[in-house]
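One letter stands for each residue in the lines below.
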Amino acid sequence: MSEIQCVTAILTKAEDVGENDRLVRLFTMEGGMLRAKIRGVKKPKAKLKFAAQPFAFCKYDLAKRGAYYTVTSATQIESLFAVTYDEKKYLAGCVMLEISDVAVDEIKCPELFVKLLKALKTLIYDDTANPYLVAAKYAIAALAEQGYGGAYTGKSSAEKLLETLRHTALVGLKDITCDDNAAANALKRAANDCEYYFDKRIISADKLL
């Protein structure tokens, strides 16, 4: 019998497999990024639909079967799906999930997990912080967690804004005044850095202004 492992995770990516299954990537507090299959989740009355889409924040019970874990059950910890209600917040959230997906491997990254969770909650509950700045701040954190990045010494407005973000706490982002174009350009630059260092594309960043 497969041993059951319980993890606290945010689902970063989901891909349909076959007629009824879904292959997901889970950013876990305990074990970094894990791949898992959720069987039968595309059926009309599937009980785990809530746990099989991006932004799901759940306790997942996993059993190791073959190359993947299989989700045997899940319990929602908190709903983060309100991030999808606003276009800018949703796009910023998608960029953060993609950055997590490319930045995190199976090495434990509990501090980055907490930063992602706090950033997503900021998008949902704080209407005073620009969503793109929240995502750019998280991108800087992801780079730093893996030993990349550092001070932005360039003269462009995007680099100056990113350097300001490096020294600003998440709760202080509301005090940074800039328009959406400037914030989007800063996030684009941070996403480009993630693409360079992690050697994978951040597709959601292509949709920025």
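Overview of the structure.

Rules used throughout
Residues numbered from 1 in each chain as written. Predicted model: local features only at pLDDT ≥ 70, side-chain atom pairs only at ≥ 80, totals over all residues. Heavy atoms only, no water. Helix = DSSP H or I, 4+ residues; strand = E, 2+ residues; numbered from the N terminus. Buried < 20%, exposed > 50% of the residue type's maximum accessible area, 1.4 Å probe, protein only. Contact = heavy atoms within 4.5 Å. Phe/Tyr/Trp six-rings, centres within 6.5 Å; stacked < 30°, edge-to-face > 60°. Expected span 1.5 Å × (residues − 1). Polar contact = N/O pair within 3.5 Å; in protein donor to acceptor, adjacent residues only side chain to side chain.

1. Things to note about the environment of Thr168
Turning to its location among the elements, Thr168 is positioned in the loop between α4 (157-166) and α5 (180-198). By relative accessible area, which is 14% here, Thr168 ends up buried. Taking C-alpha positions, Thr168 is 8.6 Å from Lys137, a pair spaced 31 residues apart along the chain. When sequence neighbours within four positions are dropped, the list of residues in contact with Thr168 reads Lys137, Leu173 and Ile176.

2. Describing the packing of aromatic side chains
Two numbers describe a pair of aromatic rings. These are the distance of the centres and the angle of the planes. Applying the stated criterion to the full structure yields six aromatic pairs. Judged by centre distance (6.1 Å) and plane angle (50°), the ring pair of Phe55 and Tyr90 falls under tilted. Of this pair, Phe55 sits in the loop between β3 (32-38) and β4 (57-65) while Tyr90 sits in helix α1 (residues 87-103); the two residues are 35 residues apart in sequence, bridging distant segments of the chain. Overall, the relative accessible area of 38% leaves Tyr90 in the partly exposed class. Ring geometry for Tyr148 against Tyr197: centres 4.8 Å apart, planes inclined by 20°, an arrangement best described as stacked. One end of the pair, Tyr148, is in the loop between α3 (131-145) and α4; the other, Tyr197, is in helix α5, with 49 residues separating them in the sequence.

3. Quick look at α5
An ideal rise of 1.5 Å per residue puts 27 Å on 19 residues; α5 measures up with 26 Å between its terminal C-alpha atoms. For α5, the full list of buried residues reads Ala183, Ala184, Ala186, Leu187, Ala190, Ala191, Asp193, Cys194 and Phe198. Buried residues along α5 sit in contact with α1, α3 and α4. Among the residues of α5, the N-terminal cap falls to Asp179, whose side-chain oxygen and the backbone nitrogen of Asn181 are separated by 3.2 Å. Of the residues trailing α5, Asp199 is marked for its positive phi of about 60°.

These values are about where atoms sit, not about what they do.
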